[in-house]
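The lines below spell out each chain.
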Amino acid sequence: MNSSGLKTFSLDIKTKLALVVLTLFTVSIWVLTVAVGQRLEQGMVTLLENQQMSSMFYITQDIQENINQRVELLNTNALLITPELIADPDKAREFLKGRVGLQSFFKAGLVLISKDGRGIVDYPQIPERASSTYNDLEYFQEVINTGKTAIGKARIGRFTKKPGVAIAAPIKDKTGRLIAMLVGFATLSDATLFGVVEKTNVGMTGWLVVSDPKHGIILSSSGPSRILKPLPSPETGKIAGKFVAGYEGSGISLNS
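Computed from a predicted structure; not experimentally measured. (Residues numbered from 1 in each chain as written. Predicted model: local features only at pLDDT ≥ 70, side-chain atom pairs only at ≥ 80, totals over all residues. Heavy atoms only, no water.)

A. Quick look at the side chain of Ser221. Within the secondary structure, Ser221 is located in strand β10 (residues 217-221). Classification of Ser221 by relative accessible area gives buried; the value is 0%. If sequence neighbours within four positions are ignored, Ser221 has contacts with Val197, Glu198, Trp207, Leu208, Val209, Arg226 and Ile227. (Helix = DSSP H or I, 4+ residues; strand = E, 2+ residues; numbered from the N terminus. Buried < 20%, exposed > 50% of the residue type's maximum accessible area, 1.4 Å probe, protein only. Contact = heavy atoms within 4.5 Å.)

B. Structural view of the pattern of salt bridges. Applying the stated criterion across every chain yields a total of five salt bridges. For Asp122, the salt bridge identified is with Arg129, shortest N-O distance 3.0 Å. Arg129 shares its class with Asp122; the two are buried. Of the charged contacts, one joins Glu142 and Lys214 as a salt bridge, the two residues approaching to 3.6 Å between their closest N and O atoms. Pair noted here: Glu142 is in helix α5 (residues 138-146) and Lys214 is in the loop between β9 (209-212) and β10, with a separation of 72 residues, a long-range link. Residue Glu142 is classed as partly exposed on the basis of its relative accessible area, which comes to 28%. (Salt bridge = Lys/Arg side-chain N within 4 Å of Asp/Glu carboxyl O.)

C. Region of the structure containing the nonpolar core. If you look at the biggest cluster of nonpolar residues, it comprises 34 residues, and the most contacted ones within it are Ile81, Phe106, Leu112, Ile171 and Leu182. Mapped by element, the contributors of at least two residues to this core are α1 (3-78), α2 (83-86), α3 (89-97), α4 (100-105), β1 (110-114), β5 (163-172), β6 (178-187) and β10. For Leu182, the contacting residues outside a window of four places in its chain are Leu74, Asn77, Ala78, Ile81, Leu96, Leu102, Val111, Leu112, Ile167, Ala168, Ala169 and Ile171. If you look at the next biggest cluster of nonpolar residues, it comprises 15 residues, including Val143, Ala166, Met181 and Phe185. (Core = buried A, V, L, I, M, F, W, Y, C linked by side-chain atoms within 4.5 Å.)

D. Region of the structure containing unusual backbone geometry. Of note, the amide linkage connecting Tyr123 to Pro124 takes the cis form, showing an omega dihedral of -10°. By the element assignment, Pro124 lies in the loop between β2 (119-123) and α5. In this structure, Glu128 takes a positive phi of about 75° despite not being glycine. The topology assignment puts Glu128 in the loop between β2 and α5. Within the chain, Leu228 stands out as a residue other than glycine whose phi angle is a positive 70°.

E. Fine view of the packing of aromatic side chains. This model, assessed by the stated rule, comprises zero aromatic pairs. The cationic tip of Arg99 hangs over the ring face of Phe95; the distance from NZ or CZ to the ring centre is 4.3 Å. Stacked on the ring of Tyr134, the Lys or Arg Arg158 has its end atom at 4.9 Å from the ring centre. (Phe/Tyr/Trp six-rings, centres within 6.5 Å; stacked < 30°, edge-to-face > 60°. Lys NZ or Arg CZ within 6 Å of the ring centre and 35° of its normal.)

F. Expanded view of the pairing of β6. Most of β6 is tucked away, with ten of its ten residues classed as buried. Both β1 and β6 contribute to a ladder of five bridges, which runs antiparallel. For Ser114, the partnering residue across the bridge sits in β6 and is Ala180. The sheet contact formed by β5 and β6 spans nine bridges and is antiparallel. Following the sheet pairing, Ala166 is matched in β6 by Phe185. Hairpin geometry of β5 and β6 is characterised by an intervening segment of five residues between the two adjacent antiparallel strands and by a positive phi of about 90° at Gly176. (Pairing = 2+ DSSP bridges.)

Have a look at this one:
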């Protein structure tokens, strides 16, 4: 082999070695970039999950406390209602009119309902509400069946025409027999109930949603168009089904 052949062979070896080193360097940089990217992504996901859980805790605690206050106050006032008061609509209306604390929590009004499901009296007065029937509504049936306070399904009120939810407390005589029920109607947009959710945004494009898995609807949202809409079906995204089943945590899914 002459010197020209040796020189060419030497250049080929150097070229191949340079290509191998360059390839290894490129692959190493790519692997490092992917690894760093994955760690950064996971770190960001963990950070967002922690922030979501923290926000969720405070919001749910506040909502639960507001609901508990309504239930307790409704029960306390139901204990004050006697059979004699129920038999006198004028006195019953005056009684409801004087319940200022209840009115502040139930801005859509109060209604006394007989054990047969017929309205007795309401305050403030709305045409046809006091004389309407309620025995086909889920909260009435639950109180009749259990003798305990019941929270109804959120819906557009038949008489107020506003999104709201009913809470019904049993009224019993001295023997413990159910004789009527006191129902308070709360508006979903009440600042002391879900109103704060409607005004809370998450970042630039996010929103909050408070759902009712029992009835399969959205109670409140910072995206107003979602209020009282059905919850996404489990087929829309597996995480939706997990949340409806009681899962607490974070996940990635398709929205409605």
